[in-house]
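This is what each chain is made of:
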Amino acid sequence: IAEGAKWTTDPFTDPAAEKEEIKPSTQRQNRIHGLALAGERLYAVHQDGYLNVMSTSDGRVLDSTHVPLPSWDGLAIAENSLFLTTQDGELICLGE
């Protein structure tokens, strides 16, 4: 987590995992393939097909699920619904 960041937890790391010492300004790869922001929620889909819903106020993971493998930058929000474009070329509505 960057120094001075608003979030105090890392939403991409298992809380039970052993803590690794990270030097300031170290770039971490988390393989996010798409982000979409809607109100107080940030949706992040990862290369391996995990979709996390995070609170923008404190960075907590509110929900997590597995979805089909996403294409790069394949998340969109329209008409109160979340859409995912997959590596197979499908467009999937994931609901409200």
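Our subject is the structure that appears above.
Rules behind the numbers
- Residues numbered from 1 in each chain as written.
- Predicted model: local features only at pLDDT ≥ 70, side-chain atom pairs only at ≥ 80, totals over all residues.
- Heavy atoms only, no water.
- Core = buried A, V, L, I, M, F, W, Y, C linked by side-chain atoms within 4.5 Å.
- Buried < 20%, exposed > 50% of the residue type's maximum accessible area, 1.4 Å probe, protein only.
- Helix = DSSP H or I, 4+ residues; strand = E, 2+ residues; numbered from the N terminus.
- Contact = heavy atoms within 4.5 Å.
- Pairing = 2+ DSSP bridges.

Visitor: Could you clarify how one ought to interpret the nonpolar core in this entry?
Guide: In summary, soluble globular proteins display a tendency toward joint burial of nonpolar side chains. Ala36, Tyr43, Val45, Leu51, Val53, Val67, Leu75, Leu82 and Leu84 form the largest nonpolar core, which has nine residues in total. Listing elements by their share of this core, those giving two or more residues are strand E2 (41-46), strand E3 (50-55) and strand E6 (81-86). When near neighbours in sequence (up to four residues on either side) are disregarded, tyrosine 43 contacts Gly34, Leu35, Ala36, Ala38, Leu51, Asn52, Val53, Leu75, Ile77 and Leu82.

Visitor: Would you explain the pairing of E3 in this entry?
Guide: Look at any regular strand and the pattern is simple: side chains alternate between the two faces of the sheet. Burial runs high along E3: five of the six residues are buried. By the bridge criterion, five bridges tie E2 to E3 in an arrangement that is antiparallel. Within the sheet, the bridge partner assigned to tyrosine 43 lies in E3 and is valine 53. Hairpin connection between E2 and E3: a loop of three residues separates the two successive antiparallel strands, and glycine 49 in this loop has a positive phi of roughly 95°. Between E3 and strand E4 (residues 61-66), which pair antiparallel and follow one another directly, the connecting turn spans five residues, one of which, glycine 59, has a positive phi of 85°.

Visitor: Sorry if this is basic, but what is going on with unusual backbone geometry here?
Guide: Phi at aspartate 73 takes a positive value of approximately 55°, unusual for a residue other than glycine. By relative accessible area, aspartate 73 is classed as exposed at 53%. The phi dihedral of asparagine 80 falls on the positive side, at around 65°, and the residue is not glycine. Mapped onto the fold, asparagine 80 is located in the loop between strand E5 (70-78) and E6. By relative accessible area, which is 62% here, asparagine 80 ends up exposed.

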